[in-house]
Amino acid sequence: MILCKMAGSDQDPRNEQLFDNISTFHMVDCLSPNDEKMVLKKLRGLVRNIKWSPDDVSVLFNALLNRFESSFAHDRSHLTQWLIQMLHCIEVNCITSTWRSKSENTLMELVRETTIPDEKLKDCLADDTDKTLSQIITEIRSEEINQVNDELLREVRDIVSSVDQELKSNGNGSQLSGLKKDLLRLCQAAERTHFRPRLTQMVSWCLMALSNTGRLIQVGTGEGKSCIVAMFAAFRAMRGEKVDIMSSSSVLAERDIKYWKTFYDTLKISVDCNINKHDKELKNCYKCQVVYGTVEEFAGDWLRHHFQRMDIFGQRTFQCAIVDEVDSLMLDKGHHVVYLSSDMPALQHLNPLLAFIWATTNQYNKISANTIVGRKYSFHQVVLKHIKEKGTDELAILQIAEDAGVLSQGSVQEIQRNPNLLPEKTAAVAADKLVDFFKKVETRFPSCQFALYIKRNGALEELNKRSQGETEQKRVALLLDGGFCQYMYHDKDSVLKAAEEEIKCALHFTPCELNKTEDSCYIPGFLSDLVKSKLSVWIVNAFLAQTMEMDHEYILEKHGIVPVDYRCTGVVENFMKWSDGLQQFLEMKHQSKLSDMTAITNYMSNVGLLQQYKSQIYGMSGTLGQQPEIETLQKIYEGIKTCQIPSFKRRKLFEVKGVVVKDEITWIKKICNAVMNQTQQTTYRGPRAVLVICETIKLAKTLHQALENRVSNNMLYINNNMDNSAIFSKELDKGEVIIATNLAGRGTDLQISDSVKTAGGLFVVQTFLPKNARVEAQAFGRAARQGAPGSAQLIVCSKHLPAPLQLLVLTRNVLTLMENLLDDSLPFKDLFVMQLRLYQQCCTNKQRKEISSLLSHILTEDSMSDVMIAKKIRDDSVAEDLSSYVEDHIPNIKKKEELFSQYLEILDQLYKSNNNKPAASDVSALNEFWGMWLLTKFSEEDSISRLKNSLKVDLSKAVQKLRQRESPLSNIHHYTLFGNELQEMGMLSESINMYTKAIDKDPCWAAIAYYNRAFAFLTLQNRNQDPECINQALEDLEKALKSIELYCEQLEVIKRYATQPTKELLSNFTTRFDLHIAFRHRVLVDFKANIGQAVLKLRRARDTGGHVKVEKNLVYFLASPEHFLLLSVLIMLSARQIFSTDPLKSHQLISHPSFDMFIEIRSLESMGLTHIYVLDTLFSLGGFFSKISSSLRKTFDK
C-alpha cells in the first residue's frame, strides 16, 4: 500500500493520526487480520441490516470490550473470537437497539450486567415468547398502510381477549354472544382437531369477520394462514353462505382440505375440493357449503356451466371468495385467462404458412452489432427486382454480367438453351467482378444504386464508397458472397418488413390455380382475413421463438413444449400454451410434435372471476406488497381494505448485504463461496443448510454442476412434474443444500433440524433480482419462519439484469473505482484491524479511544449499494407497470369479458330456439365465427360500445346464415358437417346439395365433401344405380384424390420448411416431429387407398353394367389392425395412467406417438369425414345386356 500525505491545512485530524501510526501499521501487517475483519464486518452488519445507528454500535462495542475485560483481563488472546461469537448471537437473533428481554432489559443492560454468564446471555437473546394482544394491536395501529381505525381495533381487542380468557379457563362461553361466541366455537373445534389458534390468527379472523366489504390480510410466511382461512370459511358457512376457497396451486388446495377436513366435520359443515373431478363428481362437489380449489378450476367450471351448458354449479352462486396468495392471483396472474379447448380443425391449414414463416425468419442473421442480413439471392435476381424499366428480363441482366466479365463469354446463350445451368454459372464470382457489374447496372439504370460490402477478417468493408462530391442517392446495401447477395438491414422494422414481403410472395388463397413451385403455401380463402390481420404478429413471434431458451422460458416434456412461469412462481405450466403461432414455432425449433393453432372461443380471467363476488372477496398473503400494489388492488376491486398482521413472534431474518458482480464466472464463484462458507463449521457456529434460488432452470442446473464436487448433499428442485417428495419428507440438516427456481419460493415450507436452527437457521441465496419486492420477500420468507433464526442474501450478476440496469452498474463501478482512489476510509478500516490486534497485546485507554473513533468513522461512511439502487429502480418500474396494468390491461380484459357475455346471450338464444338441443354443427360454426371475430375484429383502441354494436350486427348475420344452412365464415368444412347431419337424418338429396355448396366454395380443399357426395349419390339409388350415378360418383372420387394430393403437398411444405433450420443437426435422427408428420401422411395415404379401391370397383361396375353395395364404417377403421394392436398394448401397460385422476398423466399418455394415428383421424372426423365406405360390385344380368346394347348403338351411330 502506498500512502501520499497531501499538503494543506484543512486535513481531517484523523488523517494526521493515520500517518502518525504508519510505522505501527507496518509492524503488525504481517499478522493475519481475518478475525478482526470478521468483527468489523459484523459490526457494520448491525448498521446495514438490523438498522442500528453508528453511535449505538460504538456504544455496544465498548460495552462488549468492558464485559470481556471484566472476565478475561489477564488473557486477551481470544478477544476477537469472543467478540465474533457475541456479535453472531446478536446477528442471528436480529437483536435491535430497542429490543427488550422477557424481564424488560435492553441488550446494553444485559451486556453490562457482568454477573450474567455469557451462555445465559446468549440464551436470553435467543428466547422469545409469543407477542401479547396489546403488542399485536399496537403494531397494527402503528403501520400507516393498514386501513383500520381505533374503533375497529377496540372491538377486535374486546372479542379476542374475551375468547382467549375463556379458552385459558376452559370455559363454555355461556356468557358470550355474537362474534365472541362464534370465535370461541371455532377455536374450540380447531383445538380439538388440531391446535389452539394463536392470538394473531384470532385477530386476523376478527378483522375479516368485522368487515362488511372485502378485506385482504398480510400474514407472514409460516404464520398459519390455512387455519385463518378454515376458521373464516366455517364462520361464513355457519351463516348459511357458500364459500369458495382459491389456492395458488392444486397441491396446496388438496393439502389444506385433507388437513382441515376433521375441523369442518366437527362443525357439521360439508366441504370438498374441485381438483381432478369428473362431471357428476363436480356437481356433488358444488353442493357443499365450502369448496377448495384453484382459480383455474373455478373459472373452468364456470365456463363448463355457462359455455358448455353442463349445469355444474346447480343453484350455487358467487357469495364469498377466500383467496390464498392473493397478491399472486390478483396482481401477477390477474390478467391470466382460463379457457376450454375448442376443436377448430380448419386452423391446421395454417401450418404450411407457419412453417414457411419459420424457415424465412431463420435465414436472417446478425453479422455485426447493428447489421442483419437476409437470405441469399443470385446477383441478377437482386438487380431484376430493383429495375423499374419495363421489358428488361433476366437474360438482359445476364448479358450485362457477361459484358462485365462476371460470366464467361457465351454463357448467356448456354443458359438460354439450358436454364438448369444458371446456378452453376452464377455461383462463384469474384467480388471485384461483381463491383464492375453493379457499376454498369447503375450507369444503365440510374434508379438502381447499390452499396456493396464484403466481410473481411470479421469486419464489414465497403467496396464502392462514394466520394464526398457525389450526390448521395439512397442506395440498397448488399453483402456479397461469391455470386450471391444478401440484403443488409440496420433496424428491426426493416427486417420485419422484408420478411413479410418475402412471405407474401409465397402465399396464395384458394380457390385459385395451383402451380407446382415448391415454396407455395395454399390457404383456404375463408381464412384470408385472419392471415391478413395476424401475419405480422406471427412473423414477430417467429423471431421471438429464435431468442427464447429451453430451461428458461420453457421446458421440453413428454407432452411437448411447456411454458415456465420463471419470473414469479417457477411453476411448469402443463396446460398452458402460447398463442399467435409462438407455440408452433417453438415446436418446430425443437422438432417436437406440431400442434394446431387455436382460436379462443371462451375465457374467464382471474380478475373477471373474482369480480363476480363483488364486495365479498377476502384474501391472505405473506406479501401484499408496497403502497403501489395495494392501491392497484383497491382500484380493481372496489371497497376492498387491507391490513398487515404482525408475526406471533419477533422475526429473526438477517439480510446479508447484497452484491452485484460483473460477469457470470465471478457470479458462480461468489455463490459457491457463499454456500461453502455457510455449510462449513466455524469457530462461532455449526454448519447450516442453504437454499439457493435461481431465476431459471438452466441457471439452477449450472450452479448444481458447479457445486456438485464441493457439496455432497445438494438437491435440485426445479420442476413440479418431478417427484420432489425426498426434499420435503424430512428436515433439512446441516450441510444440506437445495438448488431451486422460484418453485421453492411461494408456498414452500422447508423444515430444518434443531442443529441448523442453533447454527443460525436456513440461509437463502437469491441469485437474481426478482421482478418485484413481493417475489423477493417470498423467497426470503423461506428462512426465519415461526420465530426461528435465518439469513438471506442477494448475489446478482449484472449480465442478467435488464440493459438499463447493466449500464447503471457499469457507471457505478467506474465511479466507485475513482472514489476508492480518493477514499481515505480504506486505510481507516485497515487501521481499525491493526488497532484491535494491538489491543489484544496491550490494552490502553488511548487505544480504546482510537478504536472507537475509527469505528464511528467507518460506520458512517456507507452509501447505497448497487443492489439497493437496482431495487429502487425496479420498484419504480413496478409502480409504472402497475399503472399500465390498471389503465390498459384491465380495461381490455373487461372489454373482452363484456363481449363474451354478449356472445353467451346469443348462444343462449340459439339453445332456446332449438329446445336446448341445437345441432352440434350449428354450435361449432357459431363458436368458430365468434373466435375468428375476436382475432380479426377486436381492437384495443375501439370503445366497448362500438365493439358491442359491431359484434351484435355480425352475430345477427351469422345466426341468420345458420338458419339458412350457410356457414357464417364460408368454411367449407362446416358445409360438409351440415351435409353429414342431413344424411344421418335420411335426407340424402339435401345432404348432396350441402356437399355441393362446400365444393362450390373451394374445390381445392373439398376432398371430404367430394368423397361424402359420391357415396351419398350411390346410397341414394342404393342397388339401382344408373350409369350417370356411377359416373358422377367416379368423377367425385377422382376429384377427391386430386384434392388429397394438395393436402399431401402442403404436408410436404410443412416438413420441408419446419425442418430446414435444424436439418443438418438432426439429419441422422427420427424426431418426434418426423413421427407426427409421418402419421399425418399415413392417414392421408390410407384415405387415398380407400378411395382408390372404391374407384376400381366403380369402374368395374360401370364396365360390366353392374351396381355397387355400399358398406358404411366408422372413420377410425382407416387405421390398420396393427395400429389397434399397438394401442391396446400401450393401454394395458398404462392402465394406472388411464385410471388416474391426475390430468397430467392422461395428457402425457395421449401425447405418446401410438395415439397420433387416431388423433389425426379424429382431425379428419372434425372436418366431416365421419365414416369411410367400402364397396362390393354386384353383377346384374340386365345391366350387362343394357351395357352391350348401349355399346352397339354407339357403334352403329358412328
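Residues numbered from 1 in each chain as written. Predicted model: local features only at pLDDT ≥ 70, side-chain atom pairs only at ≥ 80, totals over all residues. Heavy atoms only, no water.

### Some words on the overall build of the chain
Scanning the chain for helices and strands turns up 48 helices and 27 strands. Summarising its shape, the C-alpha atoms of the chain cover approximately 140 × 95 × 55 Å along the three principal directions. By the burial criterion, 52% of the 1198 residues in the chain qualify as buried. Of the contacts formed within the chain by residues at least 6 apart in sequence, a portion of 74% connects residues at least 24 apart. When the accessible surface of the chain is summed, it comes to about 55,700 Å², and 51% of that surface belongs to carbon and sulfur atoms. Across the chain, 145 positive and 148 negative side-chain charges occur, with their mean positions spaced 2 Å apart. (Helix = DSSP H or I, 4+ residues; strand = E, 2+ residues; numbered from the N terminus. Buried < 20%, exposed > 50% of the residue type's maximum accessible area, 1.4 Å probe, protein only. Contact = heavy atoms within 4.5 Å. Areas by Shrake-Rupley, 256 points an atom, 1.4 Å probe, with all protein chains shown as cover. Lys, Arg positive; Asp, Glu negative; His and termini not counted. Charge placed at Lys NZ, Arg CZ, Asp CG, Glu CD.)

### Concerning the side chain of Ser 605
Along the chain, Ser 605 turns up in strand β17 (residues 604-605). At 2.6 Å, the side chain of Ser 605 forms a polar contact with the side chain of Glu 897. Residues contacting Ser 605, with those up to four places away along its chain left out, are Gly 334, His 336, Val 337, Ile 893 and Glu 897. (Polar contact = N/O pair within 3.5 Å; in protein donor to acceptor, adjacent residues only side chain to side chain.)

### Points about the packing of aromatic side chains
Throughout the structure, instances matching the rule amount to 37 aromatic pairs. Plain terms: the ring middles of Tyr 603 and Phe 900 are 5.2 Å apart, the flat faces sit at 35° to each other, and that makes the pair tilted. Of this pair, Tyr 603 sits in the loop between α25 (582-589) and β17 while Phe 900 sits in helix α36 (residues 866-912); the two residues are 297 residues apart in sequence, bridging distant segments of the chain. Both residues of the pair, Tyr 603 and Phe 900, belong to the buried class. Here Tyr 975 and Phe 978 contribute two aromatic rings whose centre-to-centre distance is 6.2 Å and whose plane-to-plane angle is 85°, an arrangement assigned as edge-to-face. With Tyr 975 and Phe 978 both in helix α39 (residues 972-984), this residue pair falls three residues apart, about one helical turn. (Phe/Tyr/Trp six-rings, centres within 6.5 Å; stacked < 30°, edge-to-face > 60°.)

### A short note on the sheet that holds strand β21 (residues 690-693)
Taken in spatial order, the six strands make up an open sheet running β20-β25-β24-β21-β23-β22, and their pairing is parallel. Edge positions in the sheet fall to β20 (652-661) and β22 (714-717), since each has one partner strand and no second. Strand-to-strand twist of the sheet, defined as the mean angle between neighbouring strand axes without regard to direction, takes the value 15°. Examined bridge by bridge, β22 and strand β23 (residues 737-740) share four bridges and lie parallel to one another. When the bridges of β23 are listed, Asn 714 appears paired with Val 737. Its contacts with the sheet put α36 on β20 and β25 (789-797), and the angle it makes with β20 is roughly 95°. (Pairing = 2+ DSSP bridges. Axes fitted to C-alpha atoms, helices over the stretch in contact; angles between N-to-C directions.)

### A few points about the packing of helix α17 (residues 351-361) against helix α23 (residues 492-506)
Contact pair α17 / α23: the axes reach a minimum separation of 10 Å and the direction vectors enclose 140°. Considering the angle they form, α17 stands oblique to α23. Note that α17 runs across α23; the crossing there is right-handed. Packed against α17, whose contacting residues are Leu 353, Phe 356, Ile 357 and Thr 360, the element α23 presents Ala 499, Glu 502, Ile 503 and Ala 506 at the interface. Classifying every residue of the contact of α17 with α23 gives six nonpolar, one polar and one charged. (Parallel < 35°, antiparallel > 145°, perpendicular 65-115°, else oblique. Left-handed = near helix turned anticlockwise from the far one by under 90°. Nonpolar A, V, L, I, M, F, W, Y, C, P; charged D, E, K, R; others polar.)

### As for a nonpolar patch on the surface
On the surface, a cluster of nonpolar side chains totalling about 320 Å² of accessible area is made up of Leu 1125, Val 1129 and Met 1132. Structurally, Val 1129 can be placed in helix α44 (residues 1121-1133). Note on Val 1129: relative accessible area 36%, which makes it partly exposed. (Patch = residues over 30% accessible without salt bridge, like charges linked within 9 Å, V, L, I, M, F, W, Y side chains within 5 Å. Salt bridge = Lys/Arg side-chain N within 4 Å of Asp/Glu carboxyl O.)

### Side note on the pattern of salt bridges
One pass over the full model with this rule turns up 60 salt bridges. In this structure, Asp 332 and Arg 774 form a salt bridge, with 2.8 Å as the shortest nitrogen-oxygen distance. Here the residue Asp 332 occupies a position in helix α16 (residues 326-332), and Arg 774 occupies one in helix α32 (residues 773-780), the gap between them amounting to 442 residues. For the pair Asp 332 and Arg 774, a shared accessibility class is recorded, and that class is buried. Among the charged side chains, a salt-bridge network with shared partners connects Glu 325, Asp 327, Asp 332, Glu 629, Arg 746 and Arg 774.

### Re the packing of helix α40 (residues 988-1001) against helix α41 (residues 1007-1021)
Interhelical geometry of α40 versus α41 gives an angle of 155° and a closest axis separation of 9 Å. Taken together, the axes of α40 and α41 lie roughly antiparallel to each other. For the pair α40 and α41, the crossing hand works out as left-handed. Between α40 and α41, the residues in contact are Leu 988, Ser 989, Ser 991, Ile 992, Tyr 995, Thr 996, Ala 998 and Ile 999 and Ala 1009, Tyr 1010, Asn 1012, Arg 1013, Ala 1016, Phe 1017, Thr 1019 and Leu 1020, respectively. Within the contact of α40 with α41, the residues separate by chemical class into 10 nonpolar, five polar and one charged.

### Here we look at helix α38 (residues 944-963)
The end-to-end C-alpha distance of α38, which contains 20 residues, comes to 28 Å, matching closely the 28 Å that a straight helix rising 1.5 Å per residue would cover. Every buried residue of α38 is accounted for by Leu 947, Leu 951, Asp 954, Leu 955, Ala 958, Val 959 and Leu 962. The arc that holds every buried residue of α38, seen down its axis, measures 140°, which confines them to one face. The exposed residues of α38 that point more than 90 degrees off its buried face are Arg 946, Lys 952, Lys 957 and Arg 963. On its buried face, α38 sits against α36, α37 (920-937) and α39. Positive backbone phi, at 55°, marks Arg 965, one or two positions downstream of α38. (Expected span 1.5 Å × (residues − 1). Arc of directions from axis to C-beta.)

### Some remarks on unusual backbone geometry
At the junction of Thr 510 and Pro 511, the peptide bond is cis and its omega measures out at 5° in the coordinates. Among the structural elements, Pro 511 can be located in the loop between β13 (507-510) and β14 (521-524).

### Structural notes on the side chain of Asn 351
Mapped onto the elements of the fold, Asn 351 is located in helix α17. Taking the relative accessible area as the measure of exposure, Asn 351 reaches 0% and is therefore buried. When neighbours within four sequence positions are excluded, Asn 351 is seen to be in contact with Met 588, Leu 594, Ser 595, Asp 596, Ile 1054 and Arg 1080.

### A short note on the nonpolar core
Judged by nonpolar contacts, the single largest core of 195 residues is most densely connected at Ile 357, Phe 437, Phe 438, Trp 538 and Leu 926. Among the elements that line this core, the one with the most residues is helix α42 (residues 1027-1059), at 15 residues. Apart from the residues within four sequence positions on either side, Ile 357 is in contact with Ile 503, Leu 535, Trp 538, Ile 539, Ala 542 and Phe 585. Listed in part, the 59 residues of the second largest apolar core include Val 203, Trp 260, Phe 263 and Ile 275. (Core = buried A, V, L, I, M, F, W, Y, C linked by side-chain atoms within 4.5 Å.)

### Some details on the sheet that holds strand β18 (residues 617-621)
The seven strands are arranged β3-β4-β2-β5-β18-β1-β19 in an open sheet whose pairing can be described as parallel. Two strands close off the open sheet at either side, each with one partner strand: β3 (271-273) and β19 (641-644). Neighbouring strand axes in the sheet, compared pairwise and without regard to direction, differ in orientation by 15° on average. With four bridges connecting them, strand β1 (residues 215-218) and β18 associate as parallel partners. Bridge pairing in β18 links Arg 215 to Tyr 618. Together, β2 (243-247) and β4 (290-294) form the strand contacts of helix α15 (residues 295-306), whose direction differs from that of β4 by roughly 105°.

### A look at the confidence of the model for the chain
Summing up the model confidence of the chain, the mean pLDDT is 88 and the portion of residues at 70 or higher is 92%. Per-residue pLDDT stays below 50 along residues 1-32; that stretch engages in 31 contacts with residues further than four places along the chain or on separate chains. (pLDDT = per-residue confidence, 0-100.)

### Quick notes on the environment of Thr 106
Of note, Thr 106 is situated in the loop between α5 (79-92) and α6 (107-112). In the structure, Thr 106 is positioned 516 residues away from Gly 622 in sequence and 30 Å away in space, judged by C-alpha atoms. Thr 106 has contacts with Trp 99 and Arg 100, leaving out every residue within four places of it along the chain.

### Section: the state of the cysteines
If you walk through the whole model with that rule in mind, you get zero disulfides. With no disulfide partner, Cys 672 has as its closest neighbouring cysteine sulfur the one in Cys 694, 10 Å distant. By relative accessible area, which is 2% here, Cys 672 ends up buried. Cys 1004 takes part in no disulfide bond, and the closest cysteine sulfur to it belongs to Cys 512, at a distance of 5.6 Å. (Disulfide = S-S within 2.5 Å.)

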